[in-house]
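Here is how the chains run, residue by residue.
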Amino acid sequence: MHDLTGFQRDLLYVIAGADRPSGQTVKDEVEKYYSSEINHGRLYPNLDTLVNKELVEKGQLDRRTNYYAITDDGRQRIDERREWERQYVDV
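All values reported here derive from a predicted model rather than from experimental measurement.

Calculation criteria
- Residues numbered from 1 in each chain as written.
- Predicted model: local features only at pLDDT ≥ 70, side-chain atom pairs only at ≥ 80, totals over all residues.
- Heavy atoms only, no water.
- Phe/Tyr/Trp six-rings, centres within 6.5 Å; stacked < 30°, edge-to-face > 60°.
- Lys NZ or Arg CZ within 6 Å of the ring centre and 35° of its normal.
- Helix = DSSP H or I, 4+ residues; strand = E, 2+ residues; numbered from the N terminus.
- Expected span 1.5 Å × (residues − 1).
- Buried < 20%, exposed > 50% of the residue type's maximum accessible area, 1.4 Å probe, protein only.
- Arc of directions from axis to C-beta.
- Contact = heavy atoms within 4.5 Å.
- Salt bridge = Lys/Arg side-chain N within 4 Å of Asp/Glu carboxyl O.
- Patch = residues over 30% accessible without salt bridge, like charges linked within 9 Å, V, L, I, M, F, W, Y side chains within 5 Å.
- Areas by Shrake-Rupley, 256 points an atom, 1.4 Å probe, with all protein chains shown as cover.
- Core = buried A, V, L, I, M, F, W, Y, C linked by side-chain atoms within 4.5 Å.

*Asks:* I keep staring at the packing of aromatic side chains and nothing clicks. Help me out?
*Replies:* The description of an aromatic ring pair rests on the distance of the ring centres and on the angle between the ring planes. Scanning the entire structure with this criterion turns up 3 aromatic pairs. Taken together, Phe7, Tyr33 and Tyr34 form an aromatic cluster joined through their ring pairs. Sitting above the plane of the Tyr67 ring, Arg20 keeps its charged end 3.9 Å from the centroid. Above the plane of the ring of Phe7 lies Arg42, whose end atom (NZ or CZ) is 3.8 Å from the centre.

*Asks:* Would you explain helix H4 (residues 72–86) in this entry?
*Replies:* In an α-helix there are 3.6 residues to a turn, and that puts residues three or four apart on one side. Helix length check: H4 (15 residues) gives 21 Å between terminal C-alpha atoms against 21 Å at 1.5 Å per residue, within 8%. Every buried residue belonging to H4 is among Gly74, Arg77 and Ile78, and all of these are buried. The arc that holds every buried residue of H4, seen down its axis, measures 100 degrees, which confines them to one face. In H4, those exposed residues whose orientation departs by more than 90 degrees from the buried face are Asp72 and Arg86. Of the surrounding elements, those touching the buried residues of H4 are helix H1 (6–16) and strand S2 (66–70).

*Asks:* Is there a simple way to think about the pattern of salt bridges in this case?
*Replies:* Between side chains of opposite charge, a pair can form as their charged atoms come close. The tally for this structure, following the rule as stated, stands at 7 salt bridges. Across the pair Asp3 and Arg77 runs a salt bridge, and its minimum N-O distance is 2.4 Å. One end of the pair, Asp3, is in the segment before H1; the other, Arg77, is in helix H4, with 74 residues separating them in the sequence. The partner of Arg81 in a salt bridge is Glu85, and the shortest N-O contact between them spans 3.0 Å. Placement of the pair is Arg81 and Glu85 together in helix H4, with a separation of 4 residues, close to one helical turn. The exposure class of Glu85 is partly exposed, given its relative accessible area of 30%. Here the residues in one salt-bridge network are Asp3, Lys53 and Arg77, joined through shared partners.

*Asks:* Would you explain a nonpolar patch on the surface in this entry?
*Replies:* Taken together, the side chains of Trp84, Tyr88 and Val89 present a nonpolar region at the surface, about 360 Å² in accessible area. Positionally, Val89 belongs in the segment after H4. By relative accessible area, Val89 is classed as partly exposed at 47%.

*Asks:* In this structure, what is going on with the nonpolar core? I would like to understand it.
*Replies:* Considering soluble globular proteins, one finds that nonpolar side chains tend to be buried as a cluster. Leu11, Leu12, Ile15, Val26, Leu47 and Leu50 are the most contacted members of the largest nonpolar core, which has 18 residues in total. Elements with a minimum of two residues in this core: H1, helix H2 (23–34), helix H3 (40–52) and S2. Ignoring any residue separated from it by four or fewer positions in sequence, one finds Ile15 in contact with Pro21, Val26, Leu47, Val56, Tyr68, Ala69 and Ile70.

Have a look at this one:
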């Protein structure tokens, strides 16, 4: 995860916690956390980065709507990050 921005990491977490969310669903969830609007110019290039790094799969729900799903590698990266965090934060 060291090669991801905090925003990309947040997107990955949202995708991991949902069942094939659309880009709009991911956007809505991240906006709740950030308490501000996330524009498409920020969202979709970062989602594409996660797809290019093979942490997320992108598929098509219909002609207008894509979905995103975490890959095994993405899940492993989250698990590794959480293990690293546990060394420093006991929650």
